[in-house]
Amino acid sequence: MNMVRRRAGGRPTRDEAEALTRQLLDSARSAFARNGIANASMEEISADLGISKHTLYRRYQNKQMLLEAVVERDLIRFRKALAEAARRGENPLAALHNIAFSYFLFGTDREYSAFYLSVVAEAAISKPLRERLAAWSRAALEPIVETIVLAQAAGLLVPGDAVEMCHVLVDLLEGANSRVRLSLSEPPDSAECSRQFESRWAIFQAAMKAAPLQRRKTV
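Residues numbered from 1 in each chain as written. Predicted model: local features only at pLDDT ≥ 70, side-chain atom pairs only at ≥ 80, totals over all residues. Heavy atoms only, no water.

Under the annotation held in an unreviewed UniProt entry, the protein carries the name Transcriptional regulator, TetR family and is attributed to Sinorhizobium medicae.

As structure tokens, this is what we get:
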């Protein structure tokens, strides 16, 4: 890994500090994905970057704080991508389609998935981590839930619990993600990604799309 070189003497500049933070979180993410949350060590992460443990601990007092920082950065990126996808939809259902596809593409990224699968694996035996994972999941899925509510209000989706409908959609997408991630194509074939997504989206629509009569009643 190429470390940002500090200017001689004095404190690092703002750009240098931000670059180091990015590198720290990237290195931590890779270590968590490679070794699992429990087995990844602060010592390994600092050694990978060629920095002292003191530098790492000055920024993140323990591994839990470092994990939180990694996930927080990913959540910001994830929600931004979903928000941008939603803006490309001409109505709430089209926005939901775009959001779902953006969610799906995140899940086909093998490095991204390796990290989150390591978090899920650790959460299976750690109640505190399960609680944090549940909170992270709720935050990540809020844009989907909000768009489902808008589609229901517009008469484009059947009435019902928007959170449960979100879970149905996510479960469909996660199954397709697994198929793409385990394919031999490197990187995953874009045409196959689109096919896998659209087949799941068609199932979701068949189950959840409001009938024309229902749409007229909401007008």
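Student: What should I look at first to understand the UniProt feature "domain: HTH tetR-type" (unreviewed entry) in the protein in this one?
Tutor: When the UniProt feature table is mapped to this numbering, "domain: HTH tetR-type" (unreviewed entry) covers residues 18-78. Each end of residues 18-78 is marked by a C-alpha atom, and these two atoms are 20 Å apart; helix forms 80% of the span and strand 0%. (UniProt positions renumbered as here; feature names shortened; annotations may be inferred. Helix = DSSP H or I, 4+ residues; strand = E, 2+ residues; numbered from the N terminus.)

Student: Honestly, helix α1 (residues 14-35) in this entry has me stumped. Any pointers?
Tutor: Side chains of residues three or four places apart in an α-helix project in the same direction, reflecting 3.6 residues per turn. For α1, spanning 22 residues, the distance from its first C-alpha to its last is 31 Å, which sits close to the expected 32 Å at 1.5 Å a residue. Every buried residue belonging to α1 is among E16, A19, L20, Q23, L24, L25, S27, A28, R29, A31 and F32, and all of these are buried. Each element contacted by the buried residues of α1 is listed here: α2 (42-49), α3 (53-59), α4 (63-86) and α6 (110-123). Directly after α1, the chain includes G36, whose backbone phi takes a positive value near 90 degrees. (Expected span 1.5 Å × (residues − 1). Buried < 20%, exposed > 50% of the residue type's maximum accessible area, 1.4 Å probe, protein only. Contact = heavy atoms within 4.5 Å.)

Student: What exactly am I supposed to notice about the packing of aromatic side chains here?
Tutor: Aromatic rings considered in pairs are described by the distance between their centres and by the relative angle of their planes. What the rule picks out here adds up to eleven aromatic pairs. Centroid distance F101 to F104: 6.3 Å. Interplanar angle 20 degrees. Geometry classified as stacked. Remark: F104 and F101 occur in helix α5 (residues 92-108); sequence separation between them is three residues, near one turn of the helix. Residue F101 is classed as partly exposed on the basis of its relative accessible area, which comes to 25%. Grouped by ring-pair contacts, the aromatic residues F32, F78, Y103, F106, Y112, F115 and Y116 constitute a single cluster. (Phe/Tyr/Trp six-rings, centres within 6.5 Å; stacked < 30°, edge-to-face > 60°.)

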